[in-house]
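Inside the fold
Residue-level listing of the chains:
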Amino acid sequence: MEMMSDAQNRRQILLTPGPLTTSESVKQAMQVDWGSRDGAFIAMTARIRQRLVALAKGESSHVCVPVQGSGTFAVEATLGTLLSRRTSKVLILINGAYGRRMARICEKMGQPFDIYETAEDTPPDATHLAQLLQRDSALTHVAAVHCETTSGILNPIAKIAESVAAANRSLIVDAMSTFGAIPIDLGTLMADAVIASANKGLEGVPGVGFALLEKSALNRSEGNSASLSLDLHDQFTYMEKTGQWRFTPPTHVLAALDQALTELDSEGGIKARGQRYANNCRILLAGLAELGFETFLPAALQAPIIITVRMPADDRFDFQKLYASLNEQGIVLYPGAVTQEKSFRIGCIGQVFESDMTRTLAAIGEVLKNMGVPREGLRPAG
Ligand SMILES: *Cc1c(COP(=O)(O)O)cnc(C)c1O
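A brief structural summary. Note that residues are indexed from 1 along each chain, following the sequence as it is written. Residues qualify for local features only when their pLDDT is at least 70, as the model is predicted, and side-chain atom pairs are given and counted only at 80 or more; totals for whole chains, interfaces and linings, by contrast, use all residues. Side-chain numbers come from the whole structure's heavy atoms, not from hydrogens or water.

Only DSSP runs of H or I reaching four residues or more are called helices, and only runs of E reaching two or more are called strands; each is numbered from the N terminus. Check the secondary structure of the protein and you find 13 helices and 14 strands. Using C-alpha atoms as the atom set, the radius of gyration is obtained and then compared with a globule rule of 2.2 Å times the number of residues to the power 0.38. Compactness check: the protein gives a C-alpha radius of gyration of 21 Å against a globular reference of 21 Å for 382 residues, within 12% of the reference. Principal-axis analysis of the C-alpha atoms places the extent of the protein at approximately 60 × 60 × 35 Å. Under the scheme applied here, a residue whose accessible area is under 20% of the maximum for its type counts as buried, over 50% as exposed, and between as partly exposed, the area being computed with a 1.4 Å probe on protein chains only. Considering the protein as a whole, with its 382 residues, one finds that 56% of them fall into the buried category. Long-range contacts, defined here as pairs at least 24 residues apart, represent 74% of the contacts in the protein between residues at least 6 apart. Using a 1.4 Å probe, the Shrake-Rupley method yields the accessible areas, and only the shown protein chains count as cover for residues. When the accessible area of the protein is evaluated, it comes to approximately 16400 Å², of which 51% is carbon and sulfur surface. On the protein, the mean spot of the 36 positive side-chain charges and the mean spot of the 40 negative ones are 2 Å from each other. Here, residues are in contact when the closest pair of their heavy atoms is within 4.5 Å. Neither His nor the chain termini are counted; the positive set is Lys and Arg, and the negative set is Asp and Glu. To locate a charge, the coordinates of NZ of Lys, CZ of Arg, CG of Asp or CD of Glu are taken.

Here you go:
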């Protein structure tokens with residue numbers, strides 16, 4: 001037999017925006033080969049869909065339509081299904097890569113859209129949004145990102161939803177990195193779609209995304225999609241009729257998600273999980289500040305998801321070395337993604353706990369000592 005790799009030998013933690021660290025029992029749940037047309041698997045699909053809608057309190061208003069693939073597949077499927085290329089125009093709120101990605105998707109689809117872009121450390125303003133909606137009567141939809149994982153900024157989704165509802169338009173929310181971590185209540189938040197995936201706050205493994213879709217909006221969407229495999233109306237209709245997936249489902253991924261949802265429940269639900277993430281985030285922020293690092297976002301805008309650290313100016317600081325050294329200890333950091341300045345990121349979601357945060361901070365402190373970077377050297381350039 002081949003030697004087990006290091007990653008298999010010991011617990012590796014992913015302090016990234018996903019995929020994330022999962023529990024042993026979630027990984028164990030993938031040991032069964034499910035028949036995709038089998039009664040037990042059909043029941044599991046139904047149970048997962050029902051549990052996902054219930055997590056957002058959308059049982060009476062929304063349905064869950066899952067789709068194979070990463071989170072972006074679910075975003076593309078949702079935009080392509082709910083929007084009509086003839087009669088819809090969507091205003092995309094952008095302050096990072098995931099907002100920009102929605103604009104690229106619309107471009108590819110030939111879907112009319114406009115953008116309202118703010119800097120990567122600036123949330124959109126709900127009053128300005130209301131003005132934009134008033135100015136352009138062709139706009140039918142608004143698409144927004146809840147936590148823009150590029151920086152870790154928390155966008156004011158409730159205020160955005162209020163402006164959109166007041167203007168009688170429809171809202172599509174990319175809640176990929178917040179679903180399972182920050183409560184969304186579809187009883188009060190007016191949204192036609194909330195999109196997420198298995199492998200972030202839900203702590204499942206990657207391979208499936210889903211949208212919670214408002215029933216009448218979904219019913220009206222028949223024939224919109226120019227894609228076969230990403231047509232959520234078709235996916236929904238077939239699933240309702242047969243209980244089955246149209247095309248090969250990611251069976252093991254779904255078994256893991258079912259287990260992950262049970263573990264979310266036993267942790268105490270979204271509230272308790274959100275508190276664990278917020279505690280992780282607090283520990284990291286305090287520890288990084290104590291070491292001398294500066295972070296990109298002010299505390300009030302920081303979601304308890306991922307932290308963007310401003311790149312130190314001192315030549316002796318070498319992120320590649322820091323990355324490699326922590327990697328050797330089973331801790332995976334992430335490169336930066338904001339375009340305004342150089343940075344790196346440390347995530348605080350997934351099956352990671354207080355002890356992982358303190359261990360990470362100690363490991364970073366040790367590397368800094370070895371690099372010989374003084375505290376003042378951790379200040380960013382400019
Ligand atoms: C992770 C993420 C996505 C989807 O990314 P994939 O790599 O396709 O899974 C979309 N939006 C946000 C806000 C995300 O954090």
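Spatially, three strands are ordered 11-14-13 in an open sheet, and the strand pairing comes out antiparallel. Of all strands in the sheet, those with a lone pairing partner are strand 11 (306-310) and strand 13 (334-335), marking the two edges. Direction of pairing for strand 13 relative to strand 14 (residues 343-347): antiparallel, over a ladder of two bridges. Bridged to Y334 within strand 14 is R345. Packed on one face of the sheet, helix 11 (residues 269-291) meets strand 11 and strand 14 and runs near 10° to strand 11. The pairing criterion for strands is at least two bridges between them, as found by DSSP. To obtain each axis, a line is fitted to C-alpha atoms, and for helices this fit is confined to the stretch in contact; angles are then taken between N-to-C directions over 0 to 180 degrees.

With that out of the way, let us pick up the packing of helix 11 against helix 13 (residues 354-371). Remark: helix 11 packs on helix 13, axes separated minimally by 9 Å, with the N-to-C direction vectors making an angle of 20°. Relative to helix 13, the element helix 11 is oriented roughly parallel. When the axes of helix 11 and helix 13 are compared, the crossing they make is right-handed. Contacts from N279, N280, I283, L284, G287, L288 and L291 of helix 11 reach helix 13 at E354, M357, T358, L361, I364, G365 and L368. Only Asp, Glu, Lys and Arg are considered charged in this grouping, and only Ala, Val, Leu, Ile, Met, Phe, Trp, Tyr, Cys and Pro are considered nonpolar; every other residue, Gly among them, is considered polar. Classifying every residue of the contact of helix 11 with helix 13 by side-chain character gives eight nonpolar, five polar and one charged. Oblique is the label for every angle not falling under 35 degrees (roughly parallel), over 145 degrees (roughly antiparallel), or within 65 to 115 degrees (roughly perpendicular). In this scheme the crossing of two helices becomes right-handed for a clockwise turn of the near helix relative to the far one and left-handed for an anticlockwise turn of less than a right angle.

With that settled, the discussion passes to helix 7 (residues 157-166). Turning to helix 7, its buried residues are I157, I160, A161, S163 and V164. Here the buried residues of helix 7 occupy an arc of 160° about the axis, which is enough to place them on one side. Along helix 7, exposed side chains directed more than 90 degrees from the buried face belong to K159, E162 and A166. In the core, the buried residues of helix 7 are packed alongside strand 3 (90-94), helix 6 (126-135), strand 5 (141-145) and strand 8 (170-174). In the stretch just after helix 7, N168 is the one whose phi turns positive, near 65°. Directions are taken from the helix axis to each C-beta atom, and the arc is the one they span.

Cis rather than trans, the peptide bond between G18 and P19 has omega equal to -5°. Residue position: P19 is located in the loop between strand 1 (13-14) and helix 2 (24-28). Residues other than glycine seldom take positive phi values, yet E203 does so here, at roughly 60°. On the secondary structure map, E203 appears in the loop between strand 9 (193-197) and strand 10 (208-214). By relative accessible area, which is 3% here, E203 ends up buried.

This paragraph deals with the pairing of strand 3. Extensive coverage of strand 3 is indicated by the burial of five of its five residues. In strand 3, alternate side chains face the same way, and those of V90, I92 and I94 on one face and L91 and L93 on the other are all buried. Alignment of strand 3 against strand 4 (residues 113-117), held across five bridges, turns out to be parallel. Following the sheet pairing, V90 is matched in strand 4 by F113. Regarding the hand of the β-α-β motif, the stretch spanning strand 3, helix 5 (residues 97-109) and strand 4 is right-handed. Where strand 3 meets strand 5, three bridges bridge the pair, whose relative direction is parallel. Bridging across to strand 5, L91 finds its partner in V142. Whether a crossover is right-handed depends on one test, that the path from the first strand over the helix to the second runs clockwise when the strands point away from the viewer.

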